[in-house]
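Coordinate analysis (summary)
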Amino acid sequence: MLQDAMSASRSYIMFFTLWTFLSVAPVYADPCTQGQHREVNDPRRSTAISPTSGDTMLCDSLLSSPPIWYRFTSPAGGDMPTANPGLLKCSTLFPVWLNGNIPSVADGEVTRQACVTNFGVSCSSPFNIKVKNCGLYRVYQLPRTTGCPIAYCAGSEAPCPPGTSSPTGYTPGCSAGFPNLTKKPNLSWTVGTGPEIVFECKPDVSEFTATQLVNMRFDITWYFDGSKVHSQLDVAQGSFPGKLHEAQWTGTHTLGITISCGVKAKYSAGGTPSPEVKSDGFFAGIEILTPKPLKIKSNDPPKQIQLRPTVPVLCPLGLPLISLCPKLRVEVRVPEIQGNPGVCPQTGVAVGPNVVFQNTACGVEIPSFPTLTPGWNAIVSLNVAGTITSTYFGDKISNVKLATLSFPSHPAWSNYYLPDFPVLVYNVAVQLAGKMCYSHNDPHMRTFDGERYENQNAGEFVVYKHRTLPVQVNARFEPCQGIAGATCNCAVAVKSGTDIFIADACNDLRLLKQGLNTPYSVGVVGCDLEGMKIEMTNGGKKFKITLPTGGQVVITYQSCCGGKFLSLDIHPGELDIDNTRGLCGVLNSNVNDDFLHSDLTTVTPHTTSHPNAFSLSWKVTVATESLLTGTPGTTYARHPYCKCPVNNWDPTASLDCNLNNQVAVCVNQATVTSAFFQQCQKRRDTTNDDDVFEPRVYVDYDDFVPAEAEWRNGWNEASAREFCNRYIFSKESVKRCTELSNVDTEGPVEGCVLDIKLSGGTGWAFTAVENVKVSCEAELRRNTSLWIFDVKTNTTRLPDVIDKICMNECSGHGICEGGECICEDRYGGEDCSVDLTAVPVLFGVPNGGVCDIRNRTCAKTQVYGETFLNTTKLICRIKKYEWEYGEFIQVHGHEEPAQFKQFQEIFCPLVLYESPPSLVIKYLISVANDGVNFSNEVVLTVYNPECFICEIHAEHVWCSVRPGVCLIHGNCYIGEECLEHGPV
């Protein structure tokens, strides 16, 4: 019946008031204690008040849950009625009343039945509430009502009739014998002794005669945000103005309130008061002058949130100088956004705040003064910027929290929480939908604006360069293995600030001359530790580098036809719009200027597929400009952004400020590697470090001339295109990816066709499939409209398409499930490419196999080889040999867990020498992926150059005692020291 009645009333009830509180007070043992219940001053709940047409009916369906305690403080009465008030009472349709007696103080906390008045039923849908008599008042623990409009009743008095008044304004005692006060009182403030802020309320008595005022008295009531905080009764005109001192409210309130005063007039002390006349409200606190919300574009310069105090911050008297007065600090917090797209898919990690602050310690300071001094209300500002990202579709909003902490110098300002300030960040990254630049082998190029072309020139080239920021990507192209007249990417260098990340699969001239393999090498030089975030997946076959532009660089290791090479994809960020240069062109949705030369003036027409003049203009011709030589990036003027703490109001909370903080992207922390930066940190602090990054000595291909491709081996344009379409679109991952927009399939198909023309075969076709998957994964992770958010678990996941994207299609030795390869028993590695029964093949160790103890500790060494697995069974076997009487004698052998760096590079710990390292020590090192089957051995020679000369000859290291040196009992001596310590 209740539900039917509610349905019938919906046309009458357009909306209803929500009586709810966002923060729930903790429930303590005694709900009578101040602070353990909520006060509700709402005379509309009186049984004497019925709703009229057009009124908003009360509804209590959104009360706090679990239920909390309430106290009714209305002048209409503070107790729930114990009898059925009837329908359409208490400003609602279905009133709730107490079916039982009010308990006595001695009864303590009791459970009572509450009833809902319904049509023809006085006690419908009964439920339990709790009641406690606190002596002067009662408190009630009230659950939510089950529907609307249902509300609790409290009190039974009615407003005094027009022309009458009473001390409460409600019955009983309404009388017409009171002064006709109509004019508002004047509210002001001043600085009193102490010093303190004193609020003053002066009644306007201009409508009364002097004779009347002799005996008249006034009741002055002070209100903070509409709630009564203090009263002064029977105030005579001679005692005007009424004053409110800080001591009368600082124990229970802080600033940040709208204060007002109300005045009632009486003909004499104890007489009937007039209706109350209130002053205008005055906000006392810190006002935010910036209009809400602050609207900024994510690539805009910082904008200001301006703050200004409306009353002074006061300084204790007695300080000899105003400059010694402490400053009031307003702290800043920016909670992480919950919900789509604020939570990263799969990982459940919050993207982070959508705003950062420039050149700030996460707060501002307001000066204090001992007196009312000019400048007390000066404006202070926070410089706020939107975070940048490569995701698109959807603006972002953050609520900036501002608060003061403890301020003993002027307690009225302590623990003052300003209202949240919304900042709306317009996502300009919507312009990035479908935008990507790539260099796919051999190398097929695409600009950010989608123009495809070929660059078969050799050397190092600037692929991408930011116009104003110190961000750049270079790539090196060398002749491809198995394709005459074409080049392949074999090295990539990513610069951000003074950091340079290098991935290098090019041949080293020194090793080529010795007939040795050149290992794949990755590392960081510069090590400013703030310029980029590096993710490693697939055992190091794929790296994702996040840049401070919001963009991301993806480097994928591939091998084919006897060679190894790198595929390069660059996904732009919001700060890249209109700011890119290099082989990627200008990101501005205008292909006509994509082939802008390095002189920033000449433009090659985009109608050619081989714009060699444009490509060669971006070739690095000066050695010092190469990013691959290991030279750190140039210094730059920093503009650090600070991430302020989330909800921790601890003033000692650490501050995180750096160039990369403006970037808010979904990074899988499980794949982020700090090893490269840890190595560099040590290298920066000391030369005694065993983490070696060896720049290549490259083969000179300046005389390389690209060949004009011709169809051969029976292939032609039609047959190649038919094969490429059939091969690429037969893959399950590609089928699923084509369901998405902004996934590039046309480019990989064209690249596949060109590869067949260049190579005369289909060996390179698999790279086209991998390139489609890179584009597909980028769309899934950047297009937030595709993310699926679960409101119950507050987690976000990517569409099921991601489950079918596995590297190299699991190499034909596994199945792709959930985006990961499930390998057959015999195979391992992230892409199932490693035969677990095969032992690794070692290439060597750094520096040609020697370690000089003057430059390194020689406590561990990198070992290069193919292919290492990142498992707990990855083991180094180390045999140690010491020099004794002109020969090496094995003195120790042991096995230690290896430290995995990437699939062609690990670290092996060495046996430390027990005595001063004056002799030559030789280590024979082998490695096992499974802890059982060990590889071939490589040799590392550790020596002291003060005693020995060690030279590298081909694959061997030859050592001899340095002339003038003698070896006595394992120690090295020079000249006359030999005679002092005995015969050799």
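Summarised in this report is the structure supplied together with it. (Residues numbered from 1 in each chain as written. Predicted model: local features only at pLDDT ≥ 70, side-chain atom pairs only at ≥ 80, totals over all residues. Heavy atoms only, no water.)

Looking along the chain, the bond that leaves G194 and enters P195 is cis, with omega of -10°. In this fold, P195 is placed in the loop between β10 (186-192) and β11 (196-202). Cis rather than trans, the peptide bond between K292 and P293 has omega equal to -15°. As for its position among the elements, P293 is in the loop between β18 (286-288) and β19 (294-297). Unusually for a residue other than glycine, L600 sits at a positive phi of about 60°. As for its position among the elements, L600 is in the loop between β39 (580-581) and α4 (612-617). If you check the backbone angles, S811 has positive phi at about 55° while not being a glycine. Tracing the chain through its elements places S811 in the loop between β43 (795-797) and β44 (814-817). (Helix = DSSP H or I, 4+ residues; strand = E, 2+ residues; numbered from the N terminus.)

In this fold, S775 is placed in helix α9 (residues 765-782). Judged by relative accessible area, which is 2%, S775 ranks as buried. Excluding residues within four positions of it along the chain, S775 makes contact with M436, N742, V743 and D744. (Buried < 20%, exposed > 50% of the residue type's maximum accessible area, 1.4 Å probe, protein only. Contact = heavy atoms within 4.5 Å.)

With that out of the way, let us pick up the pairing of strand β12 (residues 217-224). Taking burial as the measure, the eight residues of β12 include seven buried ones, the bulk of the element. Strand direction decides the pairing type here: β12 and strand β15 (residues 257-266), joined by eight bridges, are antiparallel. Pairing of T221 across the sheet is with G262, part of β15. Pairing analysis gives six bridges linking β12 to strand β13 (residues 227-235), with the strands arranged antiparallel. If you follow Y223 over to β13, its bridge partner there is K228. (Pairing = 2+ DSSP bridges.)

Our focus in this paragraph is the sheet that holds strand β32 (residues 487-496). Taken in spatial order, the six strands line up as β34-β33-β32-β31-β30-β39 in an open sheet, and their pairing is antiparallel. Of all strands in the sheet, those with a lone pairing partner are β34 (521-525) and β39, marking the two edges. Two strands pair when backbone bridges link them, and strand β30 (residues 459-466) and strand β31 (residues 471-479) are joined in this way by six bridges, in the antiparallel orientation. Across the sheet, residue K465 finds its bridge partner in β31, namely Q472.

Mapped onto the elements of the fold, H444 is located in strand β28 (residues 444-446). Its relative accessible area of 7% is what places H444 among the buried residues. Polar contacts involving the side chain of H444 include one to the main-chain carbonyl oxygen of N441, which spans 3.5 Å. A polar side-chain atom of H444 sits 3.2 Å from the main-chain carbonyl oxygen of G751. Not counting the four nearest positions on each side in its chain, H444 is found in contact with Y438, S439, Y453, E454, G751, L754 and D755. (Polar contact = N/O pair within 3.5 Å; in protein donor to acceptor, adjacent residues only side chain to side chain.)

What follows deals with the pattern of salt bridges. Under the definition given, this model contains 32 salt bridges. Where E777 meets K544, a salt bridge forms, and the shortest distance between an N and an O atom there is 2.9 Å. With E777 in helix α9 and K544 in strand β36 (residues 542-546), the pair connects residues that are 233 residues apart, well separated along the chain. According to the relative accessible area criterion, E777 is buried, its value standing at 12%. (Salt bridge = Lys/Arg side-chain N within 4 Å of Asp/Glu carboxyl O.)

All right, on to α9 then. In this model α9 runs 27 Å from its N-terminal to its C-terminal C-alpha over 18 residues, within 8% of the 26 Å that 1.5 Å per residue would give. For α9, a buried count of 16 out of 18 residues is recorded, marking the element as mostly surrounded by other parts of the structure. (Expected span 1.5 Å × (residues − 1).)

Turning next to helix α8 (residues 746-759). Here α8 spans 20 Å end to end across 14 residues, near enough to the 20 Å set by a 1.5 Å rise per residue. Across the 14 residues of α8, 10 count as buried, placing the element largely inside the fold. Within the span of α8, buried status applies to G747, P748, V749, G751, C752, V753, D755, I756, L758 and S759. The secondary structure elements touched by the buried residues of α8 are β27 (437-440), β28, β29 (452-454), α6 (717-729) and α9. Just beyond α8, the residue with positive phi is G760, at close to 75°.

A separate point is the sheet that holds strand β5 (residues 94-99). Taken in spatial order, the seven strands of this open sheet run β2-β4-β8-β7-β6-β5-β9, and their pairing is mixed. Two strands close off the open sheet at either side, each with one partner strand: β2 (38-40) and β9 (150-152). Averaged over all adjacent pairs, the angle separating strand axes in this sheet is 40°, with direction ignored. The pairing of β5 with strand β6 (residues 109-118) spans four bridges and is antiparallel. Following the sheet pairing, L98 is matched in β6 by A114. (Axes fitted to C-alpha atoms, helices over the stretch in contact; angles between N-to-C directions.)

Now for a nonpolar patch on the surface. Together, L319, L321 and L324 give the surface a local cluster of nonpolar side chains, amounting to about 270 Å² of exposed area. For L324, the position within the fold is in the loop between β20 (303-309) and β21 (328-333). (Patch = residues over 30% accessible without salt bridge, like charges linked within 9 Å, V, L, I, M, F, W, Y side chains within 5 Å. Areas by Shrake-Rupley, 256 points an atom, 1.4 Å probe, with all protein chains shown as cover.)

Bringing the pairing of strand β33 (residues 499-504) into the picture now. Successive residues of a regular strand alternate their side chains across the two faces of the sheet. In terms of residue burial, β33 counts as a mostly covered element, since six of its six residues are buried. A two-sided burial pattern is seen for β33, the buried positions comprising D499, F501 and A503 on one face and I500, I502 and D504 on the other. Judged from the six bridges that link them, β32 and β33 form a sheet pairing that is antiparallel. When the bridges of β33 are listed, V494 appears paired with F501. Hairpin connection between β32 and β33: a loop of two residues separates the two successive antiparallel strands, and G497 in this loop has a positive phi of roughly 65°. Strand direction decides the pairing type here: β33 and β34, joined by five bridges, are antiparallel. Counted as the bridge partner of I500 is V525 from β34.

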